[in-house]
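# Report on the structure
Okay, here's what each chain looks like letter by letter:
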Amino acid sequence: CMYKLTTLLVFILLLTTVTKAQTAAISGNVTDTIQKKAVPNAVVALLTIKDSVLYKFTRTDANGKYLFPNIKQGDYILLTTHPYFADIIQNVAIRSAETRLPEIALTSKSKLLEEVIVKSGSPIKIKGDTTVYTADSFKVRAGANVEELLKKLPGIQVDKDGKITAMGEQVKKVLVDGEEFFGDDPGIATKNLRADIVKEVEVFDKKSDQATFTGIDDGVKDKTINLKLKDNAKKGYFGKVEAGTDLTNYYNNSAMINAFKGKRKLSAYGIMSNTGKTNLDWQDAQNFGGATDNMQVSEDGGMMFFSGGNDDGDNYYQGRGGIPKNWNGGLHYSNKFNNNKQTLNTGYKFSKVNSPSGQTTYTKNFIGDSSYSTNTVSNGYSNKFRQSFNGSFETMLDSANTLKFTVKGTLGNTKNSNDYNAESLTNKNEFINKSTRHTSSTQDNLGFNGTALWMHKFKKRSRTLSINSSINLNQAKSNSYLYTLNNYFKTGVPPSNDTTDLNNIKDNNTRTYTATAVYTEPISKTVFLSFNYTANVLNNNNDRLSFTKDANGSYGKKIDSLSNVYQYDQLTNKPGINLRINKKKTNIGIGTSVAYNNFEQRNITTGINRSYNFVNFFPSASYNVKMTRNRSFRFNYNGSSNAPSLDQLQPVTDNTDVLNKYVGNPDLKQSFRHNVSLGYNYYNVLKEKNIWINIWSNFTQNAFVSESTIDLDSAKTIYRTVNANGVYNISFYSGYGFKLKKAGVRMSFGTSIIQSRNITLLNTIKAGSPSTSQASVNNNGRYSLNLNINKEKEDKYDFSLGSNFGITKARSSVNSTANTTFRSLNLNADADVTILKKYRFHTDARYETKQKDPNFPANNTYTLWDALISRKFFKDALEAGITVDDILNQNRGYERNFTDYRYTETYYNTLKRYWMITLTWNFDKNHPKPTNDF
């Protein structure tokens, strides 16, 4: 017994000794920086360095001293805070039993506020699947717009046309305080609102209102940016007026005024420009040549083939390029009433764009063991006018019931005129055909969408019921004229020709009615079950009539083979069930639904009807985990079906181009796509280091692909859409950013990998030879690496360097000579320097080069260089300057496509070197003047 007691005492003594050796006592004192006096009652906290979780805390005594006894040795974050002083965050390493930390000196908030506004929060925060940037943590010049701010944010890129990419995905919506701003046009907010009124920038995948309420994913996800405004920006009015001219040809004029008061937002803007650089919608901007940096490359596997159904008769050949004249404007009003129980959001926009077009295209066609070339030149003119209105009203009827109504309407008119010349040649440069064509058309478009959503919360927590109904109406009427002269050549045979002279009239109407009900039931505090049901009715009819000239010379003789009246109806019933598990750091969702689809095609012209049914399963799964406060991972899978369009089904020939005809295929089945995505985000506040990784992939069953039947003697091609398996696309994007604090340099680099597989069914016909049929399988890949470096000093300078190096590979199963690999390099340098506090010098240069492909004539290497010098007046409210765009006069429009069995390079007109005198007035009334906070 005595032996056991002695052994136990020795063990306890040893354990106590070891424990003491592994713990430490930490002490120190806290003073203020002004009077150097002790600060009592300051909170001193130790946080774990791995996940910033509170470990221990204490308060300073009357002499400003603090003590932590029995602290485990290791690395910690030391946070010191007091209501009257600015917080201090430090890293500390505890390695000895007695540790005396250096004195902590706190700065009074009142002293800081005499000079700057104290930055609140971390530069970047991760909240679930939302990344939040504190705007004031990223410096921009005074008067900069939101677009310039976004360029500073890690993981976000903005190209020269204003298109935003966040974590590798294109941003489709930009909200202001969580609400639409002038509808869904992202460029209006980013180009016209000032950066200094923004408090936070949130990046997330926006779900539908119903999915947000119920937590049940309905497949609607748009990469979205939300601009949360500062409180002082919601008082009074502010805005910007810009004017620019070269005194002869070019002008850029725009204005925006905002009158914000609390929850009320009233805004108006107007644009007048003929350079294509001012606030054109992203998609519209891509169709014109006014903006610089127009090199576009589509070798990432995008499937591009003649799909027919050209709404205005000649859009497919209308081409790109030209310098547009652009007038557009709009009004926006939103407000909250009755203690935020009612919300109203409305907007109106109009746009008018007149633009010439001009482009030259070189195409190499690889057929079997042979090839031929097609070269085209087109020139035209278009006039587009569009009006749109959007509105939403949400009302909280009581604590349990909410109603939301939305309406969107568009009204547009387009007029086009185009001249087109083409030639096809053998690989021995012998003519196969020549074609001359003139088209003109007018088109009227009308669209309307309305929704009504009722959301009900039961007394039992998390038990909900929501019903959403919608109606969508679209009408497109076009009237086009086509004149074509085709000449055909064959060795030893005199040339032959044919002529087409037609008037085509098309009337397409689509009506969609949808109702969705979702009921959620809590199983426990963290487990929820939901049931959903969707009913969808689609009615689509298309009248296509073609006329040729009669004996009187008017277009009064209908061509039956090119005319057709067709109707396509679809009824879908879709019940589903979902299980959702919500925990503190983990969110899991598993569900499925079954769609019973009934289709009916009615060829009214022939009297032939076709009815058929499909049953589809829509599985879904999601897993989101917040591993630490600033580290998250997400996984999503969903299956979705896609029904063929009426244009793809209607069995009538579209002969807009006699050499390239499209025929509908009524035997098409619907396709089914499997979508998988993974994402990882991490940000270290103290080290200012961020990492993001995103992977997207989709695999399609019964994919819609092109079937081409080619007459090798005349180079005529007939296209139709068919189903095929084996189509997929995989994309990988990653980025890593950090700051070298001593050097004051921010660096980032990233990689992207895009791999795709597309299929085209290829049939060939040649006199005296048997016809052939084969599948043309294209495997395309693009692999790129980018590096960016930035160094700035507030109110002094801002320098940026960037590079992107890429390798593109295209492999075709049809002809090994079609295989290609080429390199591309993009280098850019930006500098913004403030001189004598009033003068600003800005310049940016971009060097673009692509390895020349032997199949095409041009060597695509050029440099775009722009410069601006300006001076500020009247307390920096007015800025006058002179700009020169494309100083070296090398700008060009260029596009390279690798699709199915064809490789294409297109060159289109762009705006080259020009100069401009500019005036910019930033006005601000009734709220404090914004400052550059840090």
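Before reading on, note that the structure itself is shown above.
Being a predicted model, the structure only gives us computed values, none of them experimental.

Next up on the list: the overall build of the protein chain. Helix and strand content of the protein chain: 8 helices and 52 strands. A total of 934 residues make up the protein chain; the buried ones form 48% of that total. Pairs at least 24 residues apart make up 65% of the contacts formed inside the protein chain by residues separated by at least 6 positions. Counting every atom, the protein chain has about 44,200 Å² of accessible surface; 56% of that belongs to carbon and sulfur.

Further remarks concern the nonpolar core. In terms of nonpolar packing, the biggest core is built from 39 residues, with Tyr 133, Leu 149, Leu 150, Ile 156, Phe 181, Val 201 and Ile 225 touching the most fellow members. For Tyr 133, the residues in contact, after removing those within four places along its chain, are Pro 123, Ile 124, Phe 138, Leu 153, Pro 154, Ile 156, Met 167, Lys 199, Glu 200, Val 201 and Val 203. If you look at the next biggest cluster of nonpolar residues, it comprises 18 residues, including Ile 26, Val 30, Ala 42 and Tyr 66.

Here the structure, examined in full by the defined rule, presents 29 salt bridges. Where Asp 667 meets Arg 610, a salt bridge forms, and the shortest distance between an N and an O atom there is 3.1 Å. Of this pair, Asp 667 sits in the loop between strand 37 (660-663) and strand 38 (671-684) while Arg 610 is found in strand 33 (residues 608-617), placing the two residues 57 residues apart along the sequence. Here Asp 667 falls in the partly exposed class, since its relative accessible area comes to 48%. Note on Arg 610: relative accessible area 32%, which makes it partly exposed.

Here we take up the environment of Gly 391. Tracing the backbone through its elements, the reader meets Gly 391 in strand 24 (residues 370-396). Each C-alpha atom, one on Gly 391 and one on Ser 334, is 9.2 Å from the other, the two residues being 57 residues apart in sequence. Every residue in contact with Gly 391, bar those within four places of it in the chain, is listed here: Asn 345, Thr 346, Phe 405, Thr 406 and Val 407.

The strand order 11-12-13 describes an open sheet built from 3 strands, whose pairing is antiparallel. The open sheet has two edge strands with one neighbour each: strand 11 (156-158) and strand 13 (169-170). Bridging between strand 11 and strand 12 (residues 164-166) involves 3 bridges; their strand directions are antiparallel. Residue pairing in the sheet places Val 158 in a bridge with Ile 164 of strand 12.

Looking now at the sheet that holds strand 14 (residues 173-176). Each strand in a sheet pairs with its neighbour through backbone hydrogen bonds, running either in the same direction (parallel) or in the opposite one (antiparallel). The strand order across the open sheet formed by 6 strands is 9-10-16-17-14-15, and the pairing between neighbours is mixed. Each having just a single partner strand, strand 9 (124-127) and strand 15 (179-180) make up the two edges of the open sheet. Sheet analysis places strand 9 next to strand 10 (residues 130-134), joined by 4 bridges and oriented antiparallel. By the bridge assignment, Ile 126 is partnered in strand 10 with Thr 131.

Turning to its location among the elements, Thr 464 is positioned in strand 27 (residues 464-490). Relative accessible area serves as the criterion here: at 8%, Thr 464 is assigned to the buried category. In this structure the side chain of Thr 464 is engaged in a polar contact, spanning 2.4 Å, whose partner is the side chain of Thr 520. The residues touching Thr 464, leaving out its near neighbours within four places in the chain, are Phe 213, Thr 214, His 456, Lys 457, Phe 458, Val 518, Tyr 519 and Thr 520.

Further remarks concern the pairing of strand 40 (residues 703-711). With respect to burial, strand 40 is a largely interior element, 7 of its 9 residues being buried. Bridge analysis of strand 40 against strand 41 (residues 716-724) gives 9 bridges, and the strand direction is antiparallel. Paired with Ile 710 across the bridge in strand 41 is Thr 717.

What counts and what doesn't
Here the residue index of a chain counts from 1 through its sequence in written order. Given that this is a predicted model, residues contribute local features only at a pLDDT of at least 70 and side-chain atom pairs are listed and counted only at 80 or more, while totals for whole chains, interfaces and linings are drawn from all residues. Hydrogens are left out, water is left out, and the side-chain values use all remaining heavy atoms of the structure. Comment: elements are numbered from the N terminus, with helices defined as DSSP H or I runs of at least four residues and strands as E runs of at least two. Residue exposure (1.4 Å probe, protein chains only): buried if accessible area is under 20% of the type maximum, exposed if over 50%, otherwise partly exposed. Pairs of residues are marked as contacts when any of their non-hydrogen atoms sit within 4.5 Å. Areas reported here follow the Shrake-Rupley algorithm with a probe of radius 1.4 Å; residue values treat only the protein chains shown as occluding. Each nonpolar core is a collection of buried residues, namely Ala, Val, Leu, Ile, Met, Phe, Trp, Tyr and Cys, held together in the definition by side-chain atoms within 4.5 Å. When a carboxyl oxygen of Asp or Glu is within 4 Å of a side-chain nitrogen of Lys or Arg, the pair counts as a salt bridge. Only strands that DSSP links by at least two bridges are regarded as paired with each other. Here a polar contact is taken to be a pair of N or O atoms separated by no more than 3.5 Å, where protein atoms must pair a possible hydrogen donor with a possible acceptor and residues adjacent in sequence count only if both atoms sit in side chains.

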